[in-house]
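Structural overview
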Amino acid sequence: MNSAVLSLGTNIGDRISNLAEALALLKELPCSIVKISSVYETAPWGNTEQASFYNQLIEIKTSSTAELLMENILRIEKKMGRARIKIIDIDILFFNDEIIERENLRIPHQHLHERRFILEPLNEILPQHIHPVLKLDTQQLLAHVDDDSVVQKLKTVSQQ
C-alpha cells in the first residue's frame, strides 16, 4: 500500500460542506483515510483579494499510483466545480517518500515548506514526517517558515 498526504482547501460557499463532500468523494476511491487534521481558517495565499480559506490535510493509504491518484483528484475537483468555479482544491503533498517531477505532477508539493496553512495541519497529524528533498521534519519546517499569515484552527468541526 502507498501512503499519501493530501491538502484540501476551499473558500467558496459553505466551506465546511465543501470539505465534507470532498472527503466523502475521496472515500469512494481505492483508498482508506488514516488521519484527518482539524480544519484551519487561513488567509488567502498569493491572490489576497479573495475570501479566507478552510484547509484540511488527510493521510491516506492507497493501492493507486501517484498518477492515478492525481487523475482521481482532478475528477473530484471537476465534479465539485460549479459554473466554472473551482469549489475545492486538492493537492498531493507527499506520496510515500517519492520525488516525482513531471509536467503535470510534482511531489512533494513544491511550495509546501513555504506555506504555514499547510505546515500547521501537517504538524498536527504528522509532526515527525521527513520531507524527502529538504530532509527536515514537519516541526523543523514549521519553525523555519517565513510565512507569517494567520492560520487559526476551528474549534468545532465535524470530521466524519
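Right, let's walk through the structure included here.

Conventions used here
- Residues numbered from 1 in each chain as written.
- Predicted model: local features only at pLDDT ≥ 70, side-chain atom pairs only at ≥ 80, totals over all residues.
- Heavy atoms only, no water.
- Helix = DSSP H or I, 4+ residues; strand = E, 2+ residues; numbered from the N terminus.
- Buried < 20%, exposed > 50% of the residue type's maximum accessible area, 1.4 Å probe, protein only.
- Contact = heavy atoms within 4.5 Å.
- Lys, Arg positive; Asp, Glu negative; His and termini not counted.
- Charge placed at Lys NZ, Arg CZ, Asp CG, Glu CD.
- Polar contact = N/O pair within 3.5 Å; in protein donor to acceptor, adjacent residues only side chain to side chain.
- 1 Å grid on protein atoms, 1.4 Å probe; cavity = no way out; pocket = protein on both sides within 12 Å on 5 of 7 lines; lining within 4 Å.
- Points joined across faces, edges and corners; volume = space filled by probe spheres on them.

For the protein, the count of helices and strands is four helices and eight strands. Counting helices and strands in the order they occur from the N terminus, the protein gives β-α-β-β-β-α-β-β-β-α-α-β. Out of the 160 residues in the protein, the part that is buried amounts to 48%. The contacts of the protein with a sequence gap of at least 6 include a subset with a gap of at least 24, amounting to 68%. Side-chain charges in the protein split into 17 positive and 22 negative, and the spacing between the mean points of these groups amounts to 5 Å.

What follows covers the side chain of Arg 15. Examined against the element boundaries, Arg 15 turns out to sit in helix H1 (residues 15-27). Within the local environment of Arg 15, its side chain forms a polar contact with the side chain of Tyr 54, the two groups lying 3.4 Å apart. Discounting chain neighbours no more than four positions away, the residues touching Arg 15 are Thr 10, Glu 41, Ser 52, Phe 53 and Tyr 54.

We now examine the layout of surface pockets. Considered as a void within the structure, the largest pocket measures approximately 240 Å³ in volume. Lining the largest pocket are 19 residues, and of these Trp 45, Phe 53, Asn 55, Asp 89 and Phe 117 sit closest to its centre. For the lining of the largest pocket, the secondary structure elements donating two or more residues are strand E1 (2-10), strand E4 (53-62), strand E5 (89-95) and helix H3 (116-125).

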